[in-house]
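Single-letter residue listing:
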Amino acid sequence: AFGVIADIQFADAEDGHDFGGCRRRYYRHSLRLLREAVREWAGERPPIDFVLQLGDSIDGQNARRGEAESALQQVLEVLGQLSVPVHHAWGNHELYNFRRARLVRSGLYSRPAGGSEGPPDRECHAYHCSPAPRLRLVVLDSYDVSTLGTEPESPRYQESLRLLREKNPNDDLNSPEGLKEPHFVAFNGGFSQAQLDWLDEVLKFSDENQEKVIVTAHVPIHPCASNGVCLAWNYEAALSVIHSHGCVVCVLAGHLHDGAYCLDSHGVHHLTLEGLIETPPESNAFGTVYVYEDKLVLKGRGRIPDRVMHF
């Protein structure tokens, strides 16, 4: 069993709204809701084995307020009360607050320190591990190709900006207005070919060893588990790799605060978790996933509904 939570987006700030001005965000309360989640996970019997934090642990406004380090520390202190590993995906809000080079040296860097668990690029926060026999967890970096968190003179930034500009002519690169492919906005990102090649090798190994694989990333990779905007730039390429193997049973993501779900044509479940940040203080948004031989059972709390995913 493992815990799941997405889009905490903590800031020590008064309630605000999303970029559209119509969705309420409970910045300060999100830390209290996280504490409730940690207390409940700590009391699970049998105990959970790990927690997935699906990205956007702190809000971007912390950077403007000069509070990025303290906000991150408060979130990590709460999660640190757990006696099990926490696997972190990197989201756009982490990258609004920190350069990638800083995140590598932070508590959000959950990629193992040694060995070959991830791609050769150490700043790519992708890795895999086996939390139980015949089960593999793969954490993907959906901002491996992105203009966020990188130096403007770097090749990563330049290539990402070229790709974004090719698809998005808007002055505001966060605006999907008028785009044929509305997911080409700056608050999304994509996967490098090196990361996709690495993923292909990991899944090949899992096929050969008859493992079930759970893939996680901050940004959804299936249009039907998205609103059409919150979607990885080259989601088709990621899906192509996943569909060329039989081992992946589920893809877990955050980013879209409303949440979404679909079962794709290859029998892979795509579950996008509701965001904690837009959860009223009297509710919550986290869950526990129980792994069986033939299914995943999600017990949701608050805004997150229960779900059974057979494979």
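Everything that follows concerns the structure shown earlier in this document.
Notes on the structure in this doc start here. (Residues numbered from 1 in each chain as written. Predicted model: local features only at pLDDT ≥ 70, side-chain atom pairs only at ≥ 80, totals over all residues. Heavy atoms only, no water.)

**A short note on the packing of aromatic side chains**
Two aromatic rings, taken as a pair, are described by how far apart their centres are and by the angle between their planes.
(1) Moving on: Following the criterion strictly, the structure yields 4 aromatic pairs and no others.
(2) Moving on: Look at Trp90 and Tyr109: their rings are 6.2 Å apart centre to centre, the planes differ by 45 degrees, and that puts the pair in the tilted class. One end of the pair, Trp90, is in the loop between strand 5 (86–88) and helix 4 (92–97); the other, Tyr109, is in the loop between helix 5 (100–103) and strand 6 (127–132), with 19 residues separating them in the sequence. The burial state of Trp90 is the same as that of Tyr109; both residues are buried.
(3) Moving on: Aromatic pair Phe184 and Trp233: ring centres 5.9 Å apart, planes at 25 degrees, arrangement stacked. Of the two residues, Phe184 is situated in the loop between helix 6 (155–167) and helix 7 (193–208) and Trp233 in the loop between strand 8 (212–216) and helix 8 (235–243); the sequence distance between them amounts to 49 residues.
(4) Moving on: Judged by relative accessible area, which is 2%, Trp233 ranks as buried.
(5) Moving on: The lysine or arginine in question, Lys295, covers the ring of Tyr292, its NZ or CZ lying 4.6 Å from the ring centre.
(6) Moving on: A cation over a ring is seen here: Arg307 above Tyr261, with NZ or CZ 4.2 Å from the ring centre. (Phe/Tyr/Trp six-rings, centres within 6.5 Å; stacked < 30°, edge-to-face > 60°. Helix = DSSP H or I, 4+ residues; strand = E, 2+ residues; numbered from the N terminus. Buried < 20%, exposed > 50% of the residue type's maximum accessible area, 1.4 Å probe, protein only. Lys NZ or Arg CZ within 6 Å of the ring centre and 35° of its normal.)

**Quick notes on the pairing of strand 4 (residues 50–53)**
Every regular strand shows the same layout, with side chains that alternate between the two sheet faces.
(1) Moving on: Alternating residues of strand 4 divide into Phe50 and Leu52 and Val51 and Gln53, and every residue in both groups is buried.
(2) Moving on: The sheet contact formed by strand 1 (residues 2–5) and strand 4 spans 4 bridges and is parallel. Looking across to strand 4, one finds that Val4 is bridged to Leu52. (Pairing = 2+ DSSP bridges.)

**With respect to the sheet that holds strand 1**
(1) Moving on: Here 6 strands make up an open sheet; going across it, the order is 5-4-1-12-13-14 and the pairing mixed. A strand with exactly one partner marks an edge of an open sheet, and here the two such strands are strand 5 and strand 14 (307–310). Each strand axis lies, on average, 20 degrees off the axis of its neighbour in the sheet, ignoring direction.
(2) Moving on: The pairing of strand 4 with strand 5 spans 3 bridges and is parallel. (Axes fitted to C-alpha atoms, helices over the stretch in contact; angles between N-to-C directions.)

Interpretation note: all reported values are geometric properties and have no functional meaning in isolation.
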